Amino acid sequence: MSSLPPADVSHEDANNRSFWMPGNYQRTVKRTEDAFQACNDIVACFQERARVERQYAQQLSEWNLKWKPVVDSTPLYGSLLKAWRSFLSSADRLASLHASICRSLVTEDGEQVKTWQKDAFHKKLFGGFKESQDAEMGFARAQKPWTKRLKKLDKARRAYHQASRKEHAARERETHAQGNPDMAADKQKKIREDREVVQQEAEKVRARYEKVLEEANRYAPRYMEEMEAIFDQSQDEERKRIIFLKQVFLALDKHLDITTNESVREVYSELHDTVAAIDEQEDLRWWKNNHGPGMPTDWPHFQEWAPEKKSKKGKKEVEQKGTLEKNEVLKISGVRVRALYDYVGQETDELSFKAGEEFVKTEEEDDQGWCRGVKDGGCEGLYPANYVEVVEQERKVDGGGGGGTL
């Protein structure tokens, strides 16, 4: 890289800001405190990112819980319903993933930086860091002799420049006197003698200035060597900091880059496959077989009469009697309803019935519009509340005894 200062910066300004000038090593010393603060900022930054990940995971879970009942009760069916449900299940899995990212950012990455800070930065009792103090003392010790020489050199330079100004003024007076014929000879002689004295003094001051400059130049290599030795120590510490923070950033990138996470790939791969597997022909075939012409039915046909067989009471009859008794108990505790339309249960826990068929409602309508009922044969399950009506019953009261019969 070029060591020349920018075009808009004067040489004097650039020199004053140079590392080699007294006190300008402070920027390097302060780098330790700046690095410590940068670590705090990195931890705070990614703790906030962890909160974002946690909130996103929570929102995914809430979204899943909100829409699950809607999806479960949707009129969609078959592969289309399966695809919709796959979006909810994938969100639930992604919520777990982003929650784990939150934990990684806090418990792994953040703690790693904090632990390294304790080992790499040693705080002093009255503030500051040992590393900064060591660098400060090293630079100050190396620069002290050089600073003295610079002060001595500056004093010699100013003395020489002052003597040179006096010599220049004396020469101008002498030149002016020589060009003035009216000036007395003795006065011209006095002016010439003064010029010679000033010239001799200027030569002595110049020699002293050159000597001090030579001493400074002889000491400069040693000064540079000592300063560079301290600077190299500071660079080594900074190199370790940069290498460590690079590893931290790589770890953060690994935790945040979900594109390389195999679990995420599986989630979206399964979601894509499920959506791509929507088969309109298969869904239409399922509907035809369950709610259309493909449904089995008992077409009218000639039925031969056969005499009923008499059988003894056995175990089967006793079981049937127990079932009837259970149904009677359910009837007493429920309300008898009559089906307004045909309904074929789509799930194993649903009832199927024909229009006009009666059975007992055992549980009231829930938030989704479903009731629970039991048929006379003992079959129990859920059914749509708006598919039935309550069967009106009349009670006859016996005026004498106060009792009644249904």
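The rules we used
Residues numbered from 1 in each chain as written. Predicted model: local features only at pLDDT ≥ 70, side-chain atom pairs only at ≥ 80, totals over all residues. Heavy atoms only, no water. pLDDT = per-residue confidence, 0-100. Contact = heavy atoms within 4.5 Å. Helix = DSSP H or I, 4+ residues; strand = E, 2+ residues; numbered from the N terminus. Expected span 1.5 Å × (residues − 1). Bend = angle between axes of the 7 residues up to and from the residue. Pairing = 2+ DSSP bridges. Axes fitted to C-alpha atoms, helices over the stretch in contact; angles between N-to-C directions. Parallel < 35°, antiparallel > 145°, perpendicular 65-115°, else oblique. Nonpolar A, V, L, I, M, F, W, Y, C, P; charged D, E, K, R; others polar. Salt bridge = Lys/Arg side-chain N within 4 Å of Asp/Glu carboxyl O. Buried < 20%, exposed > 50% of the residue type's maximum accessible area, 1.4 Å probe, protein only. Phe/Tyr/Trp six-rings, centres within 6.5 Å; stacked < 30°, edge-to-face > 60°. Core = buried A, V, L, I, M, F, W, Y, C linked by side-chain atoms within 4.5 Å.

### Regarding the confidence of the model for the protein chain
When pLDDT is averaged along the protein chain, the result is 86, and 87% of the positions lie at 70 or above. In this model, residues 1–5 is a region of pLDDT below 50 whose contacts with residues beyond four sequence positions or in other chains number one contact.

### Some points on helix 3 (residues 78–120)
With 43 residues, helix 3 should cover 63 Å at 1.5 Å per step; its first-to-last C-alpha distance of 62 Å lies within 8% of that length. Of all the bends found along helix 3, the most pronounced is centred on Ser104 and spans about 30°.

### Things to note about the sheet that holds strand 1 (residues 335–339)
Remark on secondary structure: sheet strands pair via backbone hydrogen bonds, oriented parallel or antiparallel. The strand order across the open sheet built from five strands is 4-3-2-1-5, with neighbouring strands paired in antiparallel fashion. Looking at which strands have only one partner, the edges of the open sheet turn out to be strand 4 (380–384) and strand 5 (388–390). Across the sheet, the mean angle from the axis of one strand to that of its neighbour is 45°, orientation sign disregarded. Of the strand pairs in this sheet, strand 1 and strand 2 (residues 358–363) are connected by four bridges, and their pairing is antiparallel.

### Some remarks on the pairing of strand 1
On any regular strand, side chains alternate: one points to one face of the sheet, the next to the other face. The pairing of strand 1 with strand 5 spans three bridges and is classified as antiparallel. Looking across to strand 5, one finds that Val337 is bridged to Val390.

### Quick look at the packing of helix 3 against helix 5 (residues 185–256)
In contact at an axis separation of 10 Å, helix 3 and helix 5 are set at 175° when each is read in the N-to-C sense. Judged on the interaxial angle alone, helix 5 and helix 3 are roughly antiparallel. Where helix 3 abuts helix 5, its residues Ile101, Ser104, Leu105, Glu108, Asp109, Gln112, Val113 and Trp116 lie against Lys240, Arg241, Phe244, Val248, Ala251, Leu252, His255 and Leu256. Considering only residue class, the contact of helix 3 with helix 5 consists of nine nonpolar, three polar and four charged.

### Things to note about the pattern of salt bridges
With the rule as written, the count across this model stands at 27 salt bridges. Among the ionic pairs, Arg218 bridges to Glu214, the shortest N-O distance being 3.3 Å. Remark: Glu214 and Arg218 occur in helix 5; sequence separation between them is four residues, near one turn of the helix. The class of Glu214 is partly exposed, set by a relative accessible area of 46%. In this structure, the salt-bridge partner of Arg241 is Glu238, at a minimum N-O distance of 2.7 Å. Taken as a pair, Arg241 and Glu238 lie in helix 5 at a separation of three residues, close to a single helical turn.

### A word on the environment of Met224
Within the fold, Met224 resides in helix 5. Residue class for Met224 comes out partly exposed when judged on its relative accessible area of 37%.

### Details of the packing of aromatic side chains
Scanning all chains against the criterion turns up 21 aromatic pairs. Taking the centre distance of 5.5 Å and the plane angle of 75° together, the rings of Tyr341 and Tyr387 count as edge-to-face. Taken together, the positions of Tyr341 in the loop between strand 1 and strand 2 and Tyr387 in the loop between strand 4 and strand 5 put the pair 46 residues apart, joining distant regions of the chain. Assessed through its relative accessible area of 44%, Tyr341 is described here as partly exposed. Arranged with centres 5.2 Å apart and planes meeting at 80°, the rings of Tyr343 and Tyr387 form a pair that is edge-to-face. Here the residue Tyr343 occupies a position in the loop between strand 1 and strand 2, and Tyr387 occupies one in the loop between strand 4 and strand 5, the gap between them amounting to 44 residues. For Tyr343, a relative accessible area of 10% gives the class buried.

### Considerations on the nonpolar core
It is characteristic of soluble globular proteins that their nonpolar side chains tend to be buried jointly. Among the nonpolar cores identified, the biggest contains 21 residues, and Tyr25, Phe139, Trp146 and Met227 are the most heavily contacted of them. Where this core is concerned, the elements lending two or more residues are helix 4 (130–178) and helix 5. Residue contributions to this core peak at ten residues, all from helix 5. Excluding anything up to four places from it in sequence, Met227 contacts Phe19, Trp20, Tyr25, Phe139, Ala142 and Gln143. Counting residues in hydrophobic clusters, the runner-up holds 18 residues, among them Ala35, Phe46, Val113 and Phe244.

### Points about the pairing of strand 4
With four of five residues buried, strand 4 lies mostly within the body of the structure. When strand 3 (residues 370–374) meets strand 4, the two strands line up antiparallel, connected through five bridges. Across the sheet, the residue bridging to Trp370 is Pro384, located in strand 4. Between strand 3 and strand 4, which pair antiparallel and follow one another directly, the connecting turn spans five residues, one of which, Gly378, has a positive phi of 100°.

### Quick look at helix 4
Helix length check: helix 4, at 49 residues, gives a terminal C-alpha distance of 70 Å against a target of 72 Å (1.5 Å per residue), a fit within 8%. Bending of helix 4 peaks at approximately 40° at the position of Lys144, with proline Pro145 no more than four residues after it.

### Considerations on the packing of helix 2 (residues 26–72) against helix 5
Pairs of packed helices are described in terms of their axes, by the angle between the two and the distance that separates them. Closest axis-to-axis distance for the helix 2/helix 5 pair is 11 Å, and the angle between their directions is 5°. One way to sum up the angle between helix 2 and helix 5 is to call them roughly parallel. Every residue of helix 5 that contacts helix 2 at Thr28, Arg31, Thr32, Ala35, Cys39, Ile42, Phe46, Arg49 and Glu53 is listed here: Phe231, Ser234, Gln235, Glu237, Glu238, Arg241, Leu245, Phe249, Leu252 and Leu256. Tallied by class, the residues present in the contact of helix 2 with helix 5 amount to nine nonpolar, four polar and six charged.

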